[in-house]
Amino acid sequence: MRVRETARGWTAVWLVVLALAQAAAFLLVWRFALHTEVGQWIDTVALTGNRIGQDRIDGPVNRILNAMSVVSLLVATAVIGFIALIRGRKALAVTATLLIAGANGSAQLLKHVLTRPDFGIDPERAAAGNSLPSGHTAVAASVAVALILVLPSRVRVVGAFVGAGYAAVAGVATLSAGWHRPSDAVAAFLLVGAWAAAAGLVLLIFQRERAVVSTEDAHPVAAAVLGLGGVLALVASGLALSWLVDLPELPTDELARRPLFIGYAGSAAGIVGTIAVVAALVLALVHRVVPRYKG
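The structure displayed is predicted, hence computed values, not measured ones. (Residues numbered from 1 in each chain as written. Predicted model: local features only at pLDDT ≥ 70, side-chain atom pairs only at ≥ 80, totals over all residues. Heavy atoms only, no water.)

J.: Help me understand the packing of helix α6 (residues 135-150) against helix α8 (residues 182-205), please; the structure alone is not making it clear to me.
T.: For any two helices packed against each other, the geometry is given by the interaxial angle and the distance between the axes. At a minimum axis separation of 9 Å, α6 and α8 run at an interaxial angle of 35 degrees. The chirality of how α6 crosses α8 is right-handed. From α6, Thr137, Ala138, Ala141, Ser142 and Val145 reach across to α8, where they touch Ala185, Ala188, Phe189, Val192 and Ala196. When its residues are assigned to classes, the contact of α6 with α8 shows eight nonpolar, two polar and no charged. (Axes fitted to C-alpha atoms, helices over the stretch in contact; angles between N-to-C directions. Helix = DSSP H or I, 4+ residues; strand = E, 2+ residues; numbered from the N terminus. Left-handed = near helix turned anticlockwise from the far one by under 90°. Contact = heavy atoms within 4.5 Å. Nonpolar A, V, L, I, M, F, W, Y, C, P; charged D, E, K, R; others polar.)

J.: Quick question: what am I supposed to make of the confidence of the model for the protein here?
T.: Chain-level statistics for the protein give a pLDDT mean of 90 and a share of 93% at 70 or above. Every residue in residues 1-7 scores below 50 in pLDDT, and together they form 25 contacts with partners more than four places removed in sequence or on other chains. (pLDDT = per-residue confidence, 0-100.)

J.: I tried to follow unusual backbone geometry on my own but got confused; where do I start?
T.: Outside of glycine, negative phi angles account for most residues, and trans bonds account for most peptide bonds. In this structure, the amide linkage connecting Leu132 to the following residue, Pro133, adopts the cis form with an omega of 0 degrees. Following the sequence through the fold, Pro133 ends up in the loop between α5 (90-113) and α6.

J.: Looking at this structure, I do not really get the pattern of salt bridges. What am I missing?
T.: In total, this model carries two salt bridges according to the counting rule given. The salt bridge involving Arg181 is made with Asp122; its shortest N-O contact spans 3.5 Å. Note that Arg181 is positioned in the loop between α7 (153-176) and α8 and Asp122 in the loop between α5 and α6, a separation of 59 residues in sequence. Assigned by exposure class, Arg181 and Asp122 land together as buried. (Salt bridge = Lys/Arg side-chain N within 4 Å of Asp/Glu carboxyl O. Buried < 20%, exposed > 50% of the residue type's maximum accessible area, 1.4 Å probe, protein only.)

J.: Would you mind showing me how to read α8 here?
T.: Along an α-helix, residues three or four apart share an orientation, since each turn contains 3.6 residues. The end-to-end C-alpha separation of α8 is 35 Å, in line with the 34 Å expected for 24 residues at 1.5 Å each. For α8, the tally of buried residues reaches 19 of 24 residues, placing the bulk of the element in the interior. (Expected span 1.5 Å × (residues − 1).)

J.: I'm lost on the environment of Gly9 in this one. Help?
T.: Following the sequence through the fold, Gly9 ends up in the loop between β1 (2-3) and α1 (10-35). Spatially, the C-alpha atoms of Gly9 and Asp184 are 34 Å apart, while their sequence positions differ by 175 residues.

J.: Sorry, what's going on with the environment of Ser237 here?
T.: Within the secondary structure, Ser237 sits in helix α9 (residues 220-245). Looking at Ser237, the relative accessible area reads 7%, which means it is buried. When the C-alpha positions of Ser237 and Val272 are compared, they lie 9.6 Å apart, and in sequence the two are 35 residues distant. Once residues within four sequence positions are removed from consideration, Ser237 is found in contact with Gly266, Ser267, Ala269 and Gly270.

J.: How should I be thinking about the packing of α5 against α6 in this particular structure?
T.: Their axes nearest at 9 Å, the elements α5 and α6 cross at an angle of 165 degrees. Between α5 and α6, the angle is such that the two are roughly antiparallel. The crossing of α5 and α6 is right-handed. Residue-level contacts link Leu92, Ala96, Leu99, Ile100, Ala103, Asn104, Ala107, Gln108 and Lys111 of α5 to Gly135, Ala138, Val139, Ser142, Val145, Ala146, Leu149 and Val150 of α6. Here the contact of α5 with α6 is built from residues that sort into 12 nonpolar, four polar and one charged. (Parallel < 35°, antiparallel > 145°, perpendicular 65-115°, else oblique.)

J.: What is the right way to look at a nonpolar patch on the surface in this model?
T.: Together, Trp10, Val13, Trp14 and Val17 make up a nonpolar patch on the protein surface, roughly 460 Å² of accessible area in all. Mapping Val13 onto the fold places it in helix α1. By relative accessible area, Val13 is classed as partly exposed at 37%. (Patch = residues over 30% accessible without salt bridge, like charges linked within 9 Å, V, L, I, M, F, W, Y side chains within 5 Å. Areas by Shrake-Rupley, 256 points an atom, 1.4 Å probe, with all protein chains shown as cover.)

Here it is, written out as structure tokens:
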């Protein structure tokens, strides 16, 4: 074991870099998916591809999404705060609560502030306007990330994989149900990731000088597995969507089953890969911002 680095150390630098990087990635996704014709076309192809096999998964998908309500979010937030409090971590309870509130509040605000030009690519949904980022996906991801922060080290890995899996299912479910485009879910994950890095920085700043970071609480293998799986999923998504870009930008009702399926599956892989990487980054640094001993 060793005494923690101060908030001016490398951990703080990494958290600032991660917050800025994920915020920049969010802006890139927004700019490409909403303000370019090819980006809107890819989103529309993926969203249209959800019709393939939809009859078989429609019931479970709707149950997953309908379970995400304001009440369920408040209950989850209360449980997360309670876990932190029974561990004697008042600052952690407050920060985790603010993380969930901030991520979901900003998601709703951005959805109304950001613009989506009408290029005539998706006339059926043009009247709905912008839907980025996905509120349902932000709910799932913020709860998952906050859970990683508040859980004790011995069960943190299980919480990370379960939480990331839950958020991934929620993100893909919004696409499968036709509620959101894939860029909406990816943007929501990046937004939550930026909030998580900011929350980590707050926790680091308010650590006591006697707080001790134990390398025994680190989970490098689990974080690497989660991160590598996410990167592989993102690579697969990139390959699928790059193949799609090479096709003529035909109206979706003129596309064959194959490009529709590739658009849907490739986008689903991108959703899964994004939350896996975000969760891996949180898992890799959580032992530094939430030390075993407060001091």
